[in-house]
Each structure stands twice: as C-alpha cells, then as structure tokens.
Amino acid sequence: MPVVAPERTLSALLRDGTREEHERAESEGFVSLLLGGRLDVDAYADLAAQQHAVYTALEQVGETVRQDRRGTGLVFDELRRVPAIERDLTFLRGPAWRDEIRVLPATATYVARLHDVGTRVPEYAAHAYTRYLGDLSGGQIVQRMMQRHYGMGADGLEFYDFPAIPRLKPFKDLYRARLDDLALTPDETATAVAEAQEAFRLNRAVFVELGDAHPAP
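First, a word on what this report is: a plain description of the structure on this page. Quick caveat, the model's predicted, so the values are computed rather than measured.

Definitions and limits used
- Residues numbered from 1 in each chain as written.
- Predicted model: local features only at pLDDT ≥ 70, side-chain atom pairs only at ≥ 80, totals over all residues.
- Heavy atoms only, no water.
- Helix = DSSP H or I, 4+ residues; strand = E, 2+ residues; numbered from the N terminus.
- Rg over C-alpha atoms; globule rule 2.2 N^0.38 Å.
- Contact = heavy atoms within 4.5 Å.
- Areas by Shrake-Rupley, 256 points an atom, 1.4 Å probe, with all protein chains shown as cover.
- Lys, Arg positive; Asp, Glu negative; His and termini not counted.
- Charge placed at Lys NZ, Arg CZ, Asp CG, Glu CD.
- Expected span 1.5 Å × (residues − 1).
- Bend = angle between axes of the 7 residues up to and from the residue.
- Buried < 20%, exposed > 50% of the residue type's maximum accessible area, 1.4 Å probe, protein only.
- Core = buried A, V, L, I, M, F, W, Y, C linked by side-chain atoms within 4.5 Å.
- Phe/Tyr/Trp six-rings, centres within 6.5 Å; stacked < 30°, edge-to-face > 60°.
- Arc of directions from axis to C-beta.

### As for the overall build of the protein chain
Here is step 1 of the chain: Secondary structure assignment for the protein chain yields eleven helices and zero strands.
Here is step 2 of the chain: Scanning the protein chain from its N terminus toward the C terminus, one meets helices and strands in the order α-α-α-α-α-α-α-α-α-α-α.
Here is step 3 of the chain: By the compact-globule yardstick of 17 Å for 217 residues, the protein chain fits well, its C-alpha radius of gyration being 18 Å.
Here is step 4 of the chain: With the C-alpha coordinates of the protein chain rotated into their principal frame, the extents come out at 65 × 35 × 35 Å.
Here is step 5 of the chain: The contacts in the protein chain between residues at least 6 apart in sequence include a share of 82% that link residues at least 24 apart.
Here is step 6 of the chain: Roughly 10800 Å² of accessible area belongs to the protein chain as shown, and the carbon and sulfur atoms make up 52% of that amount.
Here is step 7 of the chain: Charge-centre separation for the protein chain: the mean point of 26 positive side chains lies 4 Å from the mean point of 34 negative side chains.

Right, here's the structure in full:
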C-alpha cells in the first residue's frame with residue numbers, strides 16, 4: 001500500500017510559508033545598521049514607538065479572540081508586551097513620551113490591518129505567530145546587540161524580557177502546539193499563511209521608513 005504523507009501542521013506551514021518574507025524583513029537596512037552598532041539609541045527608541053502602536057492593536061484584538069472557543073488558547077497573558085514597551089519608552093523618552101513619539105505611516109497601515117482582520121482566529125494566529133514567536137527567538141538577539149553596541153542595560157529593553165516565561169523553548173513548543181490544535185479548515189489555513197506573509201511585509205515596510213528616518217552616519 002502507498003504511504004500517505006502526514007498532514008502538515010499549521011506551525012510548519014507558517015514557518016515555511018513565510019521564510020522568504022522573514023528573510024527580507026531581517027535583511028532590511030535599518031535592522032542591519034541598528035544591530036551592527038551603526039545607529040544610536042534614538043533609532044531604537046523610534047523602533048520602540050512603532051512597536052507600541054503595533055502591540056497595542058494586537059493585544060486589543062487578542063481580547064476579542066480570547067472570547068472565541070478556538071482562539072482562547074492562543075492568547076497568553078505571559079506574552080503581553082505593551083506594559084513593558086511603555087516602561088521602555090518612559091526610560092528612553094521620559095515621562096511625557098506619549099507627546100514625544102511619532103507613529104510612521106507604515107506603522108499606521110500595519111495597525112489598521114490588525115484592527116481590520118485581527119479579530120478573526122486565522123488572521124490573529126498569523127499576526128500573533130509573527131510577532132510573539134519572533135520576540136521569543138530573534139528578539140533575544142536584538143536585546144544582546146543593543147547591550148553590546150550601545151551600552152544599554154536592562155532599562156529600555158524590557159520588551160525582550162519575559163519574566164513570566166522562565167524557559168523559552170518549552171513555551172515556544174507549547175505555542176506551536178496551540179497553533180496546530182486550532183482545527184482550521186483548509187481555506188482558513190491558507191488564509192493564515194497568506195496573512196502571516198502580509199504581516200512580514202507590513203513589518204518590513206516599517207523598517208524601510210525607519211531606515212529613511214535614521215540613515216547611516
């Protein structure tokens with residue numbers, strides 16, 4: 001009898017389906033310059049301001065997804081980033097940071113997309129996967145590079161700390177398992193993969209505008 005290939009999991013489809021967009025976003029000039037120590041802490045603070053807008057939207061739509069029978073297991077309080085970003089911005093920009101920061105046009109487009117589609121489980125899964133698993137993986141490298149090149153300590157980099165998650169790898173495995181247990185239909189799975197690709201494109205557009213605002217010296 002012919003061997004039937006096992007059905008691929010959602011987490012694997014998301015990983016493989018976004019590889020190209022992920023590599024393009026990571027290789028964007030702003031990212032390379034920042035992590036290479038060629039910019040300054042002000043450039044990082046501008047990045048944090050964009051993250052604040054994006055994660056505020058993501059965590060707002062997550063509260064709606066939490067009420068969905070399928071989506072509730074994908075919303076973790078341990079992952080909430082907004083309070084940490086706000087502490088970072090207070091350190092980086094001062095107590096009046098809300099009056100000091102700007103939201104770039106590409107960021108506003110990203111936020112609008114989250115509000116437009118993010119309350120639906122497949123789309124939320126795509127955006128949450130893109131952001132949170134990235135923070136738990138590559139985000140740890142960003143934190144180390146900021147400390148190495150710009151002399152930053154813990155203050156200003158709380159975004160990358162997950163005190164409620166003492167062991168990152170087991171948590172990432174759990175998160176992938178929750179994705180795989182969503183029981184999406186084939187059409188919903190295709191929607192999730194396409195939306196994750198769009199999330200990386202939106203993120204890359206933010207990096208492009210940050211690069212325009214913070215060119216290499």
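### Digging into helix α8 (residues 121-136)
Here is step 1 of the chain: Its 16 residues place the ends of α8 21 Å apart at the C-alpha level, agreeing with the 22 Å of an ideal helix rising 1.5 Å per residue.
Here is step 2 of the chain: Tyr-129 marks the point of greatest bend in α8, at about 25 degrees.
Here is step 3 of the chain: Of all 16 residues in α8, 15 are buried, a share of seventy percent or more.

### Topic: the nonpolar core
Here is step 1 of the chain: Ranked by size, the top nonpolar core spans 64 residues in total, and within it Leu-34, Tyr-44, Leu-79, Tyr-124, Tyr-175 and Leu-179 carry the most contacts.
Here is step 2 of the chain: Among the elements that take part in this core, helix α4 (residues 41-65) stands out by supplying twelve residues, more than any other.
Here is step 3 of the chain: Once you skip the residues sitting within four places of it in the chain, Leu-179 turns out to touch Leu-10, Ser-11, Leu-14, Leu-74, Ala-125 and Tyr-129.

### Description of the packing of aromatic side chains
Here is step 1 of the chain: With the rule as written, the count across this model stands at six aromatic pairs.
Here is step 2 of the chain: On the basis of an interplanar angle of 25 degrees and a centroid distance of 6.4 Å, the ring pair of Phe-30 and Phe-207 is categorised as stacked. With Phe-30 in helix α3 (residues 29-35) and Phe-207 in helix α11 (residues 186-213), this pair connects stretches of sequence that are 177 residues apart. We note that Phe-30, like Phe-207, is buried.

### Overview of helix α5 (residues 82-93)
Here is step 1 of the chain: For α5, built from twelve residues, the straight-helix expectation of 16 Å at 1.5 Å per residue is met to within 8% by its first-to-last C-alpha distance of 16 Å.
Here is step 2 of the chain: Taken residue by residue, α5 has Val-82, Ala-84, Ile-85, Asp-88, Leu-89 and Leu-92 as its buried positions. The arc that holds the buried residues of α5, viewed along the axis, is 155 degrees, so those residues lie on one side.
Here is step 3 of the chain: The inward-facing, buried residues of α5 contact α4 and α6 (97-100).
Here is step 4 of the chain: With its phi angle positive at about 100 degrees, Gly-94 sits one or two positions after the end of α5.

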